[in-house]
Amino acid sequence: MEKNEIIIRLAGEGGEGVISTGDIFTQGAARTGYHVFTFRTYPAEIKGGHAWYQVRVGAYPVLSMGDGVDVMVAFNAEGYYNHKHLINKGGVLIYDPDTVTPEESSSVIAYGIPFNTIARKELDFFRGKNLIVTGFLAGLFGLEPSSLEGLIRSRFARRAELLASNLKSLYAGYEHATKKIEKRDPYFLTPVEKIPRLVLSGNDAIAAGALAAGCRFFAGYPITPASEILETMSKELPKLGGVSLQVEDEIAAIGMAAGASFGGLKSMTATSGPGLSLMSEFLGWVSMSETPCVIVDSQRAGPSTGMPTKLEQADLNHALYAGHGDFPRIVMAAGSVEDAFFRIIDAFNLSEKYQMPAIFLSDQSLSHRTESMLKPDLSRIHVEDRLRPTAEQLKDYRRYAVTESGASPMSAPGMAGGAYVAPGLEHDEKGHVDTPLQSHIIMMPKRFRKLDGARKDMGQLSRHGAADATIGVIGWGSTEGVIQEAVDRANASGHKVAALHPKLLSPLQVDDLRKFMDSVEHVIVPEVNYSGQFAHYLRSILGDSVVQLNKYGGLPFTPGEIFKKIEEVARNGNQRGNSHR
């Protein structure tokens, strides 16, 4: 029986074409109409070191990287030995017999394909090895090479001298799969309805959402895994009359973004954990001066330089509490690539409406993950602009006027009557710093009051799973899909489980969380960090005990890992405390 959902992992040396092979195959599958979900991990070096890429392809929406591997493509011996134990029973191993000598196994279908020989001797074009592998995968699993040819033509549009050789490599791999081997595995991507979908990475979605929200200024300093946002904004912003700058460091980046916002432009910067550390002093000024500004933090494993190309959800505490003094901020996290597009718009809207910094959390997995999504209907997107003073208000302009919502009309430079000082010092309604003690008593509650409005604007949280659940799973950030898949699997197995996944982390939607936690007997909080930062955060606000499930090896959860924890809690209902792996 043919199986048209496949988990494919490619592993080998960085710079050997592992990532590009995965990317091209993924794009081709998506163009054919399939849903795709990818994960990649790679060394910090430009070239060399071990890299691998996983794509899950299915006729229906795929929510996670899945469990195990259906098809393993070993580019070298290291790739084989590091991943052979993950091949599912009845799975496929594809290898080059010149570099890999696999162990005999009756549970794995092996194809030994001389990729190096084909590239060197038959085509005299070793650089085309990755496309021979791509073509072979297409032929073996039913993708038409035409779905890949356009991608290759586009990729080599500026290197026309290499196009013919690369296309020849693609078709050589395809013909080897379709004419020179006997197919013995059950995996085949049967034709599905071709629905036009976008194929985006998380970083692509963040940049696209920011542009849709009206962002017209970006400043950033390159840092993995956020650099692609800078690259995309630099390419796209000028087309919209905006400005994108690569600056000397992260301090300059947030300073310029805040300055551009003061000047009237919706502004953003993007970084990773070390960069957010450098930006933390400026966060206080942004909040004190009530200047809208969005800061993207694509988290990676720390502390310090840590593992810069590996996943960790360990900047939550930093996003919630970084900076000196006591000041409000918006903190949001997206659950998927599509969600990143819409939630970054929410981050801009809240930042603009309530005039405070909005920290948007992504991570290495989400930033570099590729997913397919329907093209968003931009006409249905609500874009919030900051409150401007009326002509009457400009007669005696009070930039920091105390209002019921906490938000005050914000003028732009050059607006007649709208001049004001935006100090880091405590100030009164006009921005004057003469009476800091009295002003502090008035301005602190004014600034914090804005969080109440932000919480209401986000609406109610959506529950996933059983209405009469006894076990609840609460997650945040990029774990949304894998949690939902584990919950669905648990319910299909007879358990009663539901999940809640807040996107707004500051302020927390306490009433919805309280209602959910009161409706179940046990709560599991999976997160990709060692200490359980979100679990501690929930305990500090809601006071409830939760069961932690923490993973900190640089890789995302699999649905099986969360499902296993659900079963464990179902068996031991009174279990509490940590469950470190």
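Right above here is the structure, for reference.
*Asks:* Please provide a residue-by-residue account of the sheet that holds strand β20 (residues 547-550), values included.
*Replies:* Sheet architecture is open: five strands sit in the order β15-β17-β16-β19-β20, paired in mixed fashion. Whereas interior strands pair on both sides, the edge strands pair on one side only; in this sheet they are β15 (463-465) and β20. For this sheet the average axis-to-axis angle between neighbouring strands, irrespective of direction, equals 25°. Across four bridges, the pairing between strand β16 (residues 471-474) and strand β17 (residues 497-500) is parallel. Residue pairing across strands places I471 opposite V497, the latter belonging to β17. Across the sheet, helix α15 (residues 480-492) lies against β15, β16, β17 and β19 (522-527), angled at about 165° from β17, the strand it touches most.

*Asks:* Any details on the environment of N203? Residues and values, ideally.
*Replies:* Take N203: it is sitting in helix α7 (residues 202-213). You can call N203 buried: its relative accessible area is 0%. The spacing of N203 and D468 is 265 residues in sequence and 37 Å in space, taken between C-alpha atoms. Those residues in contact with N203 that sit more than four places away from it in its chain are P225, A226, E228, I229, L366, S367 and H368. Separated by 3.0 Å, the side chains of N203 and S367 make a polar contact.

*Asks:* An account of the side chain of D185 is requested, with residue identities and associated values reported.
*Replies:* Mapped onto the elements of the fold, D185 is located in the loop between α6 (160-179) and β7 (198-201). Polar contacts involving the side chain of D185 include one to the main-chain amide nitrogen of Y187, which spans 3.0 Å.

*Asks:* Let's hear about the state of the cysteines: which residues, and what values?
*Replies:* Summed over all chains, the structure comprises zero disulfides. The thiol sulfur of C215 is not disulfide-bonded, and the nearest other cysteine sulfur, from C293, lies at 9.2 Å. The exposure class assigned to C215 is buried, which follows from its relative accessible area of 0%. Of the residues examined, C293 reaches a relative accessible area of 1% and is grouped as buried.

Rules used throughout
Residues numbered from 1 in each chain as written. Predicted model: local features only at pLDDT ≥ 70, side-chain atom pairs only at ≥ 80, totals over all residues. Heavy atoms only, no water. Pairing = 2+ DSSP bridges. Helix = DSSP H or I, 4+ residues; strand = E, 2+ residues; numbered from the N terminus. Axes fitted to C-alpha atoms, helices over the stretch in contact; angles between N-to-C directions. Contact = heavy atoms within 4.5 Å. Buried < 20%, exposed > 50% of the residue type's maximum accessible area, 1.4 Å probe, protein only. Polar contact = N/O pair within 3.5 Å; in protein donor to acceptor, adjacent residues only side chain to side chain. Disulfide = S-S within 2.5 Å.

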